[in-house]
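Below, each chain spelled out in residue letters.
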Amino acid sequence: MLLSEMVDKELIQIEGGVHFGILAHTECLLDVQTGKIHGFEIVKDKLPFQKKKMKVSEMIPWHEIILIGEDRILFNKTSSVQSEYLQ
């Protein structure tokens, strides 16, 4: 399957059935030397009305993907990273 064929698929975490959007709204993390995909990064803004915003970045590791179906991608868990920046 080509990566371009996966972009419109919904990302759903199996535990709890949490919807993370579609793959097209993520960043693909890959090794440019080998072409191996490490995972997909989802960036979300938190606290939109404060001077300091929190940016939460969640990564779906490739090894956590269980199923790539016709309409959705099912995965086990993500890892979260938070960072602060000034607006």
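Here, every reference points to the structure presented above.
Given the structure is predicted, the values throughout are model-derived calculations rather than measurements. (Residues numbered from 1 in each chain as written. Predicted model: local features only at pLDDT ≥ 70, side-chain atom pairs only at ≥ 80, totals over all residues. Heavy atoms only, no water.)

Q: What am I meant to see in the pairing of strand β1 (residues 10–13) here?
A: Consecutive residues of a regular strand have side chains that alternate between opposite faces of the sheet. Note that β1 and strand β2 (residues 19–22) share 2 bridges and pair antiparallel. Pairing of I12 across the sheet is with H19, part of β2. Turn length for the β1-β2 hairpin, with the two strands adjacent in sequence and antiparallel, is 5 residues, and the turn residue G16 shows positive phi of about 90°. Note: β1 against strand β7 (residues 72–75), 4 bridges, orientation parallel. (Pairing = 2+ DSSP bridges. Helix = DSSP H or I, 4+ residues; strand = E, 2+ residues; numbered from the N terminus.)

Q: Whenever I open this one, the sheet that holds β7 confuses me. Can you help?
A: Hydrogen bonding along the main chain pairs the strands of a sheet, whether they run parallel or antiparallel. Taken in spatial order, the 4 strands make up an open sheet running β2-β1-β7-β6, and their pairing is mixed. A strand with exactly one partner marks an edge of an open sheet, and here the two such strands are β2 and β6 (65–68). Going across the sheet, the axis of each strand differs from the next one's by a mean of 20°, ignoring polarity. (Axes fitted to C-alpha atoms, helices over the stretch in contact; angles between N-to-C directions.)

Q: Hey, could you run me through the packing of aromatic side chains in this one?
A: Centre distance and the angle of the planes are the two values used to describe a pair of aromatic rings. Using the criterion set out here, one finds 2 aromatic pairs in the structure. Ring centres 5.4 Å apart and planes at 65° place the aromatic pair F20 and F75 in the edge-to-face group. Note that F20 is positioned in strand β2 and F75 in strand β7, a separation of 55 residues in sequence. Using a relative accessible area of 0% as the deciding quantity, one classes F75 as buried. With a centroid separation of 6.1 Å and an interplanar angle of 55°, the aromatic rings of F40 and W62 are classed as tilted. Remark: W62 occurs in the loop between β5 (52–61) and β6 and F40 occurs in strand β4 (residues 37–46); sequence separation between them is 22 residues. Take F40: its relative accessible area is 2%, and that puts it in the buried class. (Phe/Tyr/Trp six-rings, centres within 6.5 Å; stacked < 30°, edge-to-face > 60°. Buried < 20%, exposed > 50% of the residue type's maximum accessible area, 1.4 Å probe, protein only.)

Q: Please explain the nonpolar core as it appears in this structure.
A: As a rule of thumb, nonpolar side chains are buried together in soluble globular proteins. Among the nonpolar cores identified, the biggest contains 10 residues, and these are M6, L11, F20, L23, F40, I42, I60, I65, I73 and F75. Contacts of L23, omitting those with residues within four sequence positions, involve L3, M6, V7, K9, L11, F40 and I73. (Core = buried A, V, L, I, M, F, W, Y, C linked by side-chain atoms within 4.5 Å. Contact = heavy atoms within 4.5 Å.)

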